[in-house]
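# A structural walkthrough
The lines below spell out each chain.
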Amino acid sequence: MPSLQSIQKRIKSVKAVNKITSAMELVAATKMRRAQEAAINSRPYAFTAFEMLANTVQALKNKDIDLSGIPLLQKPKISVRAILLATSDKGLAGTFNSAIFKKYEQFASQILKNKEAGLVFITVGEKAKDYAKRRGLVIARSFTRHGDIASPMETEELGEFLIEGFASGRWGALTSFSTNFASALKQEAIQRELLPIDFKNIRKGVDDIIPKTGKYSGLRASIETSRPEKPIEYIVEPSPEKALGKLAPTLFKMQIYHIILESNASEHSARRLAMKNASDNAKDLTDELSTVYNRARQEQITKELLEITGGARALQS
């Protein structure tokens, strides 16, 4: 059995770790509430904006209107596919980052199997950057420090870079891998096809971010019932090309912003849960070590008493 001194040192170390993880849990909980509020409050606008874009694109295509002047709606031959990986800057967030990488690797295995286009990566967060570097992946650009409460202005540069790369032909498609905030205990790694802008992909993106439970879960039923059975007749002024030319980039940037908000809320929720589990484990380990220490101390006292009693009997005889 270990000595009493070594057990005491272990108890002291575990208690110190418990203090750190408890403090990190409180910090993560505070950030989680703010990030969760920002993500959830943005959902009604995101739902409406994406639905409007999907309906407009579909309606104008059904009317055979020429939209060739809008780069984000074109479907070029895919020679290079851009991958957007949205992760955290810091670790200690449980399986938050590994779930995103696992989702991407499942997708990449299909790309290699089908011998599709080459891949170029745009990383958001230090963890995605490190992941891509370790595997020798081609990084077009890395973005960091979006991990707390991002504003639309802070994600503007990321949105502009993605649009410019697609419009200039550097990549013919854009696929994102990020995490959707479901609840404080559940975050889902999801894949989105962002570019070119397509009616079905937008609808799928809307369905992915609608929560199945919670504050805005009722939006799923309301959106499904409000979706028109027949194409909507739009009157667009001054022209469909000019209107969509302004609308598509703006709503695409909104989509990127929403992805970052969902990722932030998921990150802080995952870190709070990871730190809570670490604190609980530290408390359990402290209790176990205290029991071992008390048992070892009792054994030592019993041994000393037996030695004293044996010595006293020897003297009496």
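Refer to the structure above for everything that follows.
This write-up is about the structure you can find in this document.

Reading the values: the criteria
- Residue indices follow the written sequence of each chain, beginning from 1 at its first position.
- Residue-level local features of this predicted model are given only where pLDDT is at least 70; pairs of side-chain atoms are given and counted only at 80 or more, and the full residue set underlies all totals for whole chains, interfaces and linings.
- Side-chain metrics rest on all non-hydrogen atoms present in the structure, leaving aside hydrogens and water.
- Runs of H or I in DSSP of at least four residues are treated as helices and runs of E of at least two as strands, each being numbered from the N terminus.
- Burial status follows relative accessibility: with a 1.4 Å probe on protein chains alone, a residue under 20% of its type maximum counts as buried, one over 50% as exposed, and anything between as partly exposed.
- Every accessible area reported is derived by Shrake-Rupley at a probe size of 1.4 Å, with residue values counting cover from the shown protein chains alone.
- Given a helix with a known number of residues, its expected span is that number minus one, times 1.5 Å.
- Any two residues whose heavy atoms approach within 4.5 Å at even a single point are treated as in contact.
- Put simply, buried Ala, Val, Leu, Ile, Met, Phe, Trp, Tyr and Cys residues joined by side-chain atoms within 4.5 Å make one nonpolar core.
- Geometry of aromatic contacts follows a simple scheme: Phe, Tyr and Trp rings, the Trp one being its six-membered ring, pair when their centres are within 6.5 Å, and the pair is stacked under 30 degrees between planes, edge-to-face over 60, tilted otherwise.
- In this scheme, strands are said to pair when DSSP sees at least two bridges between them.
- Convention adopted: a line fitted to C-alpha atoms gives each axis, helices being fitted over their contacting stretch, and angles between N-to-C directions are expressed from 0 to 180 degrees.
- Buriedness of a pocket was judged along seven lines, with at least five required to meet protein on both sides within 12 Å; pockets are open sets of points on a 1 Å grid over the protein atoms alone, cavities are sets where a 1.4 Å probe fits but cannot get out, and lining residues have an atom within 4 Å of a point.
- Grid points are joined across faces, edges and corners, and a volume is the space filled by probe spheres set on the points.
- When a carboxyl oxygen of Asp or Glu lies within 4 Å of a side-chain nitrogen of Lys or Arg, that pair is called a salt bridge.

The next thing to look at is the overall build of the protein. Secondary structure assignment for the protein yields seven helices and five strands. Counting from the amino terminus, the protein carries its helices and strands in the arrangement α-β-α-β-α-β-α-β-β-α-α-α. When each of the 317 residues of the protein is scored for burial, the buried share is 42%. As displayed, the protein offers around 17,300 Å² of accessible surface, 55% of which is attributable to carbon and sulfur atoms.

It is worth spelling out helix α4 (residues 156–167) at this point. Counted at 1.5 Å a residue, the expected span for α4 with its twelve residues is 16 Å, and the 16 Å between its end C-alpha atoms agrees. For α4, the full list of buried residues reads Leu 158, Gly 159, Phe 161, Leu 162, Ile 163, Gly 165 and Phe 166. For α4, the secondary structure elements touched by its buried residues are β1 (80–86), β2 (118–124), β3 (139–143), β4 (173–183), β5 (186–195) and α7 (240–316). The first or second residue beyond α4 is Gly 169, which carries a positive phi of 90 degrees.

So, on to the nonpolar core. Counting 45 residues, the largest nonpolar core has Leu 84, Ile 122, Leu 158 and Phe 252 as its most contacted members. Ranked by residues supplied to this core, first place goes to α7 with eleven residues. Core analysis: the second largest hydrophobic core is formed by 15 residues, Phe 101, Phe 107, Phe 121 and Tyr 131 among them.

Turning next to unusual backbone geometry. For the peptide bond that leads from Leu 195 to Pro 196, omega is -5 degrees, which places it in the cis range. Looking at the element boundaries, Pro 196 is found in the loop between β5 and α5 (199–209). For Leu 92, which is not a glycine, the phi torsion comes out positive at approximately 55 degrees. Note that Leu 92 resides in the loop between β1 and α2 (96–114).

It is worth spelling out the environment of Arg 43 at this point. With respect to the helices and strands, the residue Arg 43 is situated in helix α1 (residues 4–62). A relative accessible area of 2% means that Arg 43 is categorised as buried. When the C-alpha atoms of Arg 43 and Glu 262 are compared, they prove to be 9.6 Å apart, with 219 residues separating the residues in sequence.

A word on the packing of aromatic side chains. Scanning all chains against the criterion turns up seven aromatic pairs. Relative to Phe 177, the ring of Tyr 104 has its centre 5.8 Å away and its plane inclined at 80 degrees; by these criteria the two rings are edge-to-face. Taken together, the residues Tyr 104 in helix α2 and Phe 177 in strand β4 connect sequence positions 73 residues apart. Taking the relative accessible area as the measure of exposure, Phe 177 reaches 1% and is therefore buried. An aromatic cluster is built from Phe 101, Tyr 104, Phe 107, Phe 121, Tyr 131 and Phe 177, whose rings are joined through pairwise contacts.

Before going further, it helps to examine the sheet that holds β5. For sheets, the rule is that strands pair by backbone hydrogen bonds, running either parallel or antiparallel. Read from one edge to the other, the open sheet built from five strands follows the order β3-β2-β1-β4-β5, with strand pairing classed as mixed. Among the strands making up the open sheet, the edge pair consists of β3 and β5. Taken over all neighbouring pairs, the strand axes of this sheet differ in orientation by 20 degrees on average, direction set aside. Of the pairings in the sheet, the one linking β2 to β3 comprises four bridges and is parallel in character. Bridge pairing in β3 links Ile 122 to Arg 141. Each of β1, β2, β3, β4 and β5 is contacted by α4, which is oriented at about 165 degrees to β3, the strand it contacts most. In the packing of α7 onto the sheet, the strands contacted are β1, β2, β4 and β5, and the crossing angle to β4 comes to about 45 degrees.

Rolling a probe over the atoms, with the probe sized like a water molecule, indicates the empty space that remains. What the largest pocket holds in volume is close to 330 Å³. Forming the walls of the largest pocket are 18 residues, and the residues nearest its centre are Lys 31, Lys 90, Asp 148, His 268 and Arg 271. If you list the elements that add at least two residues to the lining of the largest pocket, you get α1 and α7. The element that contributes the greatest number of residues to the lining of the largest pocket is α1, accounting for four residues.

What follows concerns the pattern of salt bridges. One pass over the structure, following the stated rule, counts eight salt bridges. We note a salt bridge from Arg 81 to Glu 193, for which the minimum N-O separation is 3.2 Å. One end of the pair, Arg 81, is in strand β1; the other, Glu 193, is in strand β5, with 112 residues separating them in the sequence. Note on Arg 81: relative accessible area 10%, which makes it buried. We classify Glu 193 as partly exposed; its relative accessible area is 27%. For Glu 160, the salt bridge goes to Lys 253, with nearest N and O atoms at 2.4 Å. One end of the pair, Glu 160, is in helix α4; the other, Lys 253, is in helix α7, with 93 residues separating them in the sequence. Since its relative accessible area comes to 17%, Lys 253 is described here as buried.

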